Amino acid sequence: MVKKSRRVIIGGNWKLNVTTVNKAVNTANEMSKSIRSNKIEVFIAPSFNSLWNVGKTIYGTKLKLAAQNMHYHESGPFTGEISVDSLVDAGCQYVILGHSERRQFFKETNEIVNLKVLKALECGGLNTVLCIGETAKEREAGKVADINREQLAGSLKEVTAEQMENIIIAYEPVWAIGNKFLNPDVEIKPATEEQATEAHTIARDWISETYGEEIADKVPIIYGGSMKPSNAEELLSSPQIDGGLIGGASLTVKTFKPIIEAAISLLK
Ligand code: PGA
């Protein structure tokens, strides 16, 4: 038994990689059949167009539905946006907010992420996966603690202690994310268990200072950035790492299932 007193969560972030409903439904169906354990939480986040059908496909199984983003208004004249109501209506139980791809490509500031987090908590009671993480340049400049603390403080402004029950932090160092657009000049590699543990400890300390130790002990902090079958067990063996947010390796059962199994095996 390595630990794990907190919730353990493995999420699949499909990004813009599964673009048709048919493909999303087939993959989700296959994945839902391969998850047997109740001991951890597993979700997938397909594109918006597939949410409804994937939601119906996995309903009643152990695989849960997540969205990759949402708007901070409930409704109104906001062309191209999607509201929290639509996500809940489609069956989402989780929403990923503040992903570094949203922050970098779509100019989402901590203030914008904060408005989304508050709306998700207020309206849907959704499990809100808040992504934070420094770039390679920020790490080189010795700013890991500053950047992650700043993102936490900015994105969680006015979130109450009670609402923290629905918050999951995803530490995703930008330099580790398997995305050449995010990292044109960086050799992409996963964080080591030590690097991730250090950053998770920084995040947990911030939560403790802000909300108290009891809440800090409960908030799951998961790791994202090139997690795959070959490194999942090592990363997840850290008592500070409560799961993973998986991009590339969540696209097929072949690569996603071993990560889920690694997480389950560490509970024994
Ligand atoms: P990756 O993506 O696993 O492909 O690095 C993780 C993420 O961006 O959530």
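In this text the structure is predicted, and so the values were computed from the model without any measurement.

## With respect to the pattern of salt bridges
Reasoning step 1: Throughout the structure, instances matching the rule amount to eleven salt bridges.
Reasoning step 2: Among the salt bridges present, the one from Glu41 reaches Arg7, with a minimum N-O distance of 2.7 Å. Note that Glu41 is positioned in strand β2 (residues 41-45) and Arg7 in the segment before β1 (9-13), a separation of 34 residues in sequence.
Reasoning step 3: By relative accessible area, Arg7 is classed as partly exposed at 26%.
Reasoning step 4: By sharing partners, the salt bridges in this structure join Arg6, Arg204 and Asp242 into a single network.

## A short note on the site of the ligand
Reasoning step 1: Lys15, His99, Glu172, Gly178 and Ser226 are the nearest of the 13 residues found near the ligand.
Reasoning step 2: The separation between an oxygen atom of the ligand and a polar main-chain atom of Gly178 is 2.8 Å.
Reasoning step 3: A total of 280 Å² of accessible area belongs to the ligand in isolation, and the protein chains cover 95% of it.
Reasoning step 4: One can see that the ligand is located within the largest pocket.
Reasoning step 5: For the shell around the ligand, the residue count by class is four nonpolar, seven polar and two charged.

## Details of the packing of aromatic side chains
Reasoning step 1: In this structure the tally under the stated criterion is four aromatic pairs.
Reasoning step 2: Here Phe105 and Phe106 contribute two aromatic rings whose centre-to-centre distance is 6.5 Å and whose plane-to-plane angle is 80°, an arrangement assigned as edge-to-face.
Reasoning step 3: Arranged with centres 6.4 Å apart and planes meeting at 50°, the rings of Tyr171 and Tyr223 form a pair that is tilted. Here the residue Tyr171 occupies a position in strand β6 (residues 167-171), and Tyr223 occupies one in strand β7 (residues 221-224), the gap between them amounting to 52 residues.
Reasoning step 4: Note on Tyr223: relative accessible area 0%, which makes it buried.
Reasoning step 5: A cation over a ring is seen here: Arg102 above Phe106, with NZ or CZ 4.2 Å from the ring centre.

## Brief notes about the packing of helix α5 (residues 110-124) against helix α7 (residues 144-155)
Reasoning step 1: Running from amino to carboxyl end, α5 crosses α7 at an angle of 45°, the nearest separation of the two axes being 7 Å. Judged by the inter-axis angle, α5 sits oblique to α7. Together, Asn110, Val113, Asn114 and Val117 of α5 and Glu150, Gln151, Gly154 and Ser155 of α7 make up the contact between the two elements.
Reasoning step 2: Among the residues forming the contact of α5 with α7, the class breakdown is two nonpolar, five polar and one charged.

## Comments concerning the layout of surface pockets
Reasoning step 1: Put simply, the largest pocket is a space of about 810 Å³.
Reasoning step 2: Along its surface, the largest pocket is lined by 33 residues, and Asn13, Lys15, Leu16, Gln68 and Glu101 are the ones closest to its centre.
Reasoning step 3: Of all elements in the fold, only α4 (100-105) and β8 (243-246) reach the threshold of two or more residues within the lining of the largest pocket.
Reasoning step 4: Here the lining of the largest pocket gets three residues from one element, more than from any other, and that element is α4.
Reasoning step 5: By volume, the second largest pocket is sized at about 270 Å³.
Reasoning step 6: If you trace the second largest pocket, you find 18 residues lining it, with Arg103, Gly133, Glu138, Ile147 and Gln151 closest to the centre.
Reasoning step 7: Every element with two or more residues in the lining of the second largest pocket is listed here: α4, β5 (127-132) and α7.
Reasoning step 8: For the lining of the second largest pocket, the per-class residue count stands at four nonpolar, nine polar and five charged.

## A closer look at the packing of helix α10 (residues 229-236) against helix α11 (residues 253-265)
Reasoning step 1: Running from N to C, α10 and α11 point in directions that differ by 20°, and their axes come no closer than 9 Å. The orientation of α10 relative to α11 falls into the category roughly parallel. In the crossing of α10 with α11, the sense of the turn from one axis to the other is right-handed. Of the residues in α11, those in contact with Pro229, Ala232, Glu233 and Leu236 of α10 are Thr255, Pro258, Ile259, Ala262 and Ala263.
Reasoning step 2: For the contact of α10 with α11, the residue count by class is seven nonpolar, one polar and one charged.

## Let's talk about α7
Reasoning step 1: Compared with an ideal rise of 1.5 Å per residue, which puts twelve residues at 16 Å, α7 spans 16 Å between its outermost C-alpha atoms and is within 8% of the ideal.
Reasoning step 2: Structurally, α7 contributes buried residues whose contacts are with α4, α5, β5, α6 (136-140), β6 and α8 (193-211).

## Things to note about the sheet that holds β7
Reasoning step 1: Pairing is parallel in the closed barrel, where eight strands are placed in the order β1-β2-β3-β4-β5-β6-β7-β8. Pairs of neighbouring strands in the sheet enclose a mean axial angle of 25°, with direction left out of account.
Reasoning step 2: Judged from the five bridges that link them, β1 and β2 form a sheet pairing that is parallel. Residue pairing across strands places Ile9 opposite Glu41, the latter belonging to β2.

The rules behind the values
- Residues numbered from 1 in each chain as written.
- Predicted model: local features only at pLDDT ≥ 70, side-chain atom pairs only at ≥ 80, totals over all residues.
- Heavy atoms only, no water.
- Salt bridge = Lys/Arg side-chain N within 4 Å of Asp/Glu carboxyl O.
- Helix = DSSP H or I, 4+ residues; strand = E, 2+ residues; numbered from the N terminus.
- Buried < 20%, exposed > 50% of the residue type's maximum accessible area, 1.4 Å probe, protein only.
- Near = heavy atom within 4 Å.
- Polar contact = N/O pair within 3.5 Å; in protein donor to acceptor, adjacent residues only side chain to side chain.
- Areas by Shrake-Rupley, 256 points an atom, 1.4 Å probe, with all protein chains shown as cover.
- 1 Å grid on protein atoms, 1.4 Å probe; cavity = no way out; pocket = protein on both sides within 12 Å on 5 of 7 lines; lining within 4 Å.
- Sits in = over half its atoms within 2 Å of the grid points.
- Nonpolar A, V, L, I, M, F, W, Y, C, P; charged D, E, K, R; others polar.
- Phe/Tyr/Trp six-rings, centres within 6.5 Å; stacked < 30°, edge-to-face > 60°.
- Lys NZ or Arg CZ within 6 Å of the ring centre and 35° of its normal.
- Axes fitted to C-alpha atoms, helices over the stretch in contact; angles between N-to-C directions.
- Parallel < 35°, antiparallel > 145°, perpendicular 65-115°, else oblique.
- Contact = heavy atoms within 4.5 Å.
- Points joined across faces, edges and corners; volume = space filled by probe spheres on them.
- Left-handed = near helix turned anticlockwise from the far one by under 90°.
- Expected span 1.5 Å × (residues − 1).
- Pairing = 2+ DSSP bridges.

What is shown is where atoms sit, not what they do.
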